[in-house]
Amino acid sequence: QVQLVESGGGLVQTGGSLRLSCAASGRTFSHYAMGWFRQAPGKEREFVAAISWGGGTTNYAGSVKGRFTVSRDNAKNTVYLEMNSLKPEDTAVYYCAAGPNIATISDYWGQGTQVTVSS
């Protein structure tokens, strides 16, 4: 079992930046690929970014590529999502997730953290 707790969400103006963190506990963090998803009101949850267990491979949704950066610190059992040039359409609840590989990161989920970008 892996427990995930997100933090770092908040209210920011268009063009601003935020850094989300996801702290993991339980089974060995470094054995899991990690990812970020988001869900806006009235919309389905969508993939944002993912990182392999060693950090050597990352994937991004087209809508965030070049603006968001996913990283991890296995010594701290934490994964990060650095978000720059934020837009109102980035407003959503952001969820951290873990899984066995970068293509399957839905085994464990955090409770989510709200990100609101004002125009």
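The present account deals with the structure reproduced in this document. (Residues numbered from 1 in each chain as written. Predicted model: local features only at pLDDT ≥ 70, side-chain atom pairs only at ≥ 80, totals over all residues. Heavy atoms only, no water.)

### Some words on the overall build of the protein chain
Piece 1. Looking only at helices and strands, the protein chain features 0 helices and 11 strands.
Piece 2. In the protein chain, the succession of helices and strands from N to C terminus is β-β-β-β-β-β-β-β-β-β-β.
Piece 3. Taking 14 Å as the expected radius of gyration for a compact globule of 119 residues, we find that the protein chain reaches 13 Å, a close match to that expectation.
Piece 4. Viewed in the frame of its principal axes, the protein chain has a C-alpha envelope of about 40 × 25 × 25 Å.
Piece 5. A buried classification covers 42% of the 119 residues belonging to the protein chain.
Piece 6. Taking the intrachain contacts of the protein chain between residues at least 6 apart in sequence as the baseline, contacts between residues at least 24 apart amount to 55%.
Piece 7. Carbon and sulfur atoms form 48% of the exposed surface of the protein chain, whose accessible area is close to 5900 Å².
Piece 8. Placing the 10 positive and 8 negative side-chain charges of the protein chain at their respective mean positions leaves the two points 3 Å apart. (Helix = DSSP H or I, 4+ residues; strand = E, 2+ residues; numbered from the N terminus. Rg over C-alpha atoms; globule rule 2.2 N^0.38 Å. Buried < 20%, exposed > 50% of the residue type's maximum accessible area, 1.4 Å probe, protein only. Contact = heavy atoms within 4.5 Å. Areas by Shrake-Rupley, 256 points an atom, 1.4 Å probe, with all protein chains shown as cover. Lys, Arg positive; Asp, Glu negative; His and termini not counted. Charge placed at Lys NZ, Arg CZ, Asp CG, Glu CD.)

### Remarks on the packing of aromatic side chains
Piece 1. Applying the stated rule across the entire model yields 3 aromatic pairs.
Piece 2. Their ring planes at 80° and their centres at 5.9 Å tell us that tyrosine 32 and tyrosine 108 sit as a pair that is edge-to-face. Linking tyrosine 32 in the loop between strand E3 (18–26) and strand E4 (33–39) with tyrosine 108 in strand E10 (residues 108–109), this pair joins segments that are 76 residues apart in sequence.
Piece 3. Residue tyrosine 32 is classed as buried on the basis of its relative accessible area of 11%.
Piece 4. These aromatic residues form a ring-pair network of at least three members: Phe37, Phe47 and Trp109.
Piece 5. Residue placement shows arginine 45 over the ring face of tyrosine 95; its charged tip is 3.8 Å from the ring centre.
Piece 6. Between arginine 45 and the ring centre of tryptophan 109, over which it is positioned, the NZ or CZ distance is 4.6 Å. (Phe/Tyr/Trp six-rings, centres within 6.5 Å; stacked < 30°, edge-to-face > 60°. Lys NZ or Arg CZ within 6 Å of the ring centre and 35° of its normal.)

### Thoughts on unusual backbone geometry
Note on backbone geometry: most residues besides glycine have negative phi, and most peptide bonds are trans.
Piece 1. Phi at asparagine 77 takes a positive value of approximately 55°, unusual for a residue other than glycine.
Piece 2. For asparagine 77, the location among the structural elements is in the loop between strand E7 (68–73) and strand E8 (78–83).
Piece 3. Although it is not a glycine, serine 85 adopts a positive phi angle of roughly 50°.

### Observations regarding the pattern of salt bridges
Piece 1. Within this structure, the stated rule accounts for 3 salt bridges.
Piece 2. The partner of glutamate 46 in a salt bridge is arginine 38, and the shortest N-O contact between them spans 2.6 Å.
Piece 3. A relative accessible area of 36% places glutamate 46 in the partly exposed class.
Piece 4. Taking the relative accessible area as the measure of exposure, arginine 38 reaches 6% and is therefore buried.
Piece 5. The closest approach of N and O atoms between arginine 38 and aspartate 90, which form a salt bridge, is 2.9 Å. (Salt bridge = Lys/Arg side-chain N within 4 Å of Asp/Glu carboxyl O.)

Limitation: the analysis is restricted to geometry and does not speak to function.
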